[in-house]
Amino acid sequence: MLNDLNPQPADKILELMQMFRDDPRAGKIDLGVGVYRNAAGITPVMRAVKAAEKRLWEEQQTKAYTGLAGDPAYAETLSALILGDARDESRLAAIATPGGTGAIRQALELIRIASPGATVWLSAPTWPNHPSIIRFLKMNLAEYRYFDDATRDVDFAGMMDDLARVKAGDVVLLHGCCHNPTGANLTPDQWEEVVALLERTGAIPFIDIAYQGFGDGLDEDAAATRLVASRLPEVLIAASCSKNFGIYRERAGLLMAIAPDSTTRPVTQGTLNFLNRQNYSFPPDHGARVVSMILDDDALRADWQAELEEMRQGMLDLREQLAAELRQRTNSERFDFIARHRGMFSRIGASPEQVRHMREKHGIYMVGDSRINIAGLNAETVPLLAEAIMDAGV
Ligand code: LMR
């Protein structure tokens, strides 16, 4: 049996992580995988997470199974953080999942059960694992234009043109904030237009929100998701706590399915529970419980928000610094888009050869499509990147 296996396609982001590890050069700079790092290059355990884990260790009496949907307090507190006033409990079904990827996978499986022929529309480009999982599940996939290579901004006209072709019942995957890999995001007015188009066409929005708090702030980053949730009859939302709580390896995600009405909610919830049971039985609990402890405790929550805000501000400062360095070197505003982009990533618009040049000559690792992780920089390495960008002729 195992003789019949063929090698699987390598994931570009994970492949790059390995290349970086194998590079013996001391000054190498990792701008690859989307993991936050502070100025010292460390991905810290956040203070509130440490405190909650300590309390959990002292107070937790059992490690017996939770419910199939996970701890109800987790779904309740995290859905409130994301949906705010747009949260309508009577229509909300939710399950804890292993990370944001688990939520995406379960959402796609839900779509496949409910509507096997549905086409899932992805932004071009998107996070590579989106199309990978869709193809793995043998679902229909289509792309809508999203990024304008010339302006490094959203190609909104192209996006709306393409989305005009979606059919009722198709699913449109949208990044709630901090678009991965481009860093280019819709304005509030553009979100309004997208919502109107979804209302008109009867397509179902599927929001991936993995970076809430990394762009313009916790509420600001959730505004688009809240708008969609308050206006459309059916909405799927895959959320991750990996980045904003810094608990990557604990795998804390949440899938929310907003049902059209309260009578459809129980069967939606039952199907989500069923999907958890089929795929891994009970979802992981440690990270989820840490999250709900933080969100339910005023002091822990305030400290978490303060630390998250420092991280967000640090990334914005690095964006400003890099844009300024490049403004000075090019004597132009050509790279100002870096300061306008939001979240952890920017696609800087280098060719694959230029990306290779920066890796081989300067030891700077970015994803092949020229996505850089801003949090991989610090005040000292920003000028080195600016120099490499110039040297590569970007
Ligand atoms: C990324 O885009 O780098 C992150 O979401 C990590 C991953 O799993 O790819």
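Residues numbered from 1 in each chain as written. Predicted model: local features only at pLDDT ≥ 70, side-chain atom pairs only at ≥ 80, totals over all residues. Heavy atoms only, no water.

What the domain assignment lists for the chain is domain 1 (10-45 + 311-391) and domain 2 (65-296). A separation of 27 Å is found between the C-alpha centroids of domain 1 and domain 2. Each side of the interface is counted separately: domain 1 has 24 residues, and domain 2 has 24 residues. Between domain 1 and domain 2 lies a buried interface of about 1,900 Å² when both sides are counted; carbon and sulfur atoms form 54% of it. On the domain 1 side of the contact with domain 2, Arg312, Arg342 and Arg347 bury the most area, a combined 33% of that side's loss. Where domain 1 packs against domain 2, one counts 2 salt bridges. The partner of Arg342 in a salt bridge is Asp216, with the nearest N and O atoms 2.8 Å apart. (Domains from an automatic or database assignment. Contact = heavy atoms within 4.5 Å. Buried area = accessible area lost by both parts, 1.4 Å probe. Salt bridge = Lys/Arg side-chain N within 4 Å of Asp/Glu carboxyl O.)

Let's shift gears to the packing of aromatic side chains. By convention here, two paired aromatic rings are described through the distance between centres and the angle between planes. Using the criterion set out here, one finds 7 aromatic pairs in the structure. With a centroid separation of 4.2 Å and an interplanar angle of 5°, the aromatic rings of Phe245 and Trp304 are classed as stacked. In this pair, Phe245 sits in the loop between β9 (235-240) and β10 (253-258) while Trp304 sits in helix α11 (residues 298-330), placing the two residues 59 residues apart along the sequence. For Phe245, a relative accessible area of 0% corresponds to the buried category. For Trp304, a relative accessible area of 0% puts it in the buried group. Cluster of aromatic residues (ring-pair linked, three or more members): Tyr36, Tyr211, Phe214 and Phe345. The residue whose ring lies beneath Lys28 is Phe20, and the NZ or CZ to ring-centre distance is 4.5 Å. (Phe/Tyr/Trp six-rings, centres within 6.5 Å; stacked < 30°, edge-to-face > 60°. Helix = DSSP H or I, 4+ residues; strand = E, 2+ residues; numbered from the N terminus. Buried < 20%, exposed > 50% of the residue type's maximum accessible area, 1.4 Å probe, protein only. Lys NZ or Arg CZ within 6 Å of the ring centre and 35° of its normal.)

The subject of this paragraph is the pairing of strand β4 (residues 140-145). Bridge count for strand β3 (residues 119-124) against β4 is 6 bridges, and the pairing is parallel. Bridge assignment links Thr119 to a residue of β4, and that residue is Asn140. Traced from β3 through helix α5 (residues 129-136) to β4, the parallel crossover comes out right-handed. (Pairing = 2+ DSSP bridges. Right-handed = clockwise from strand over helix to strand, strands pointing away.)

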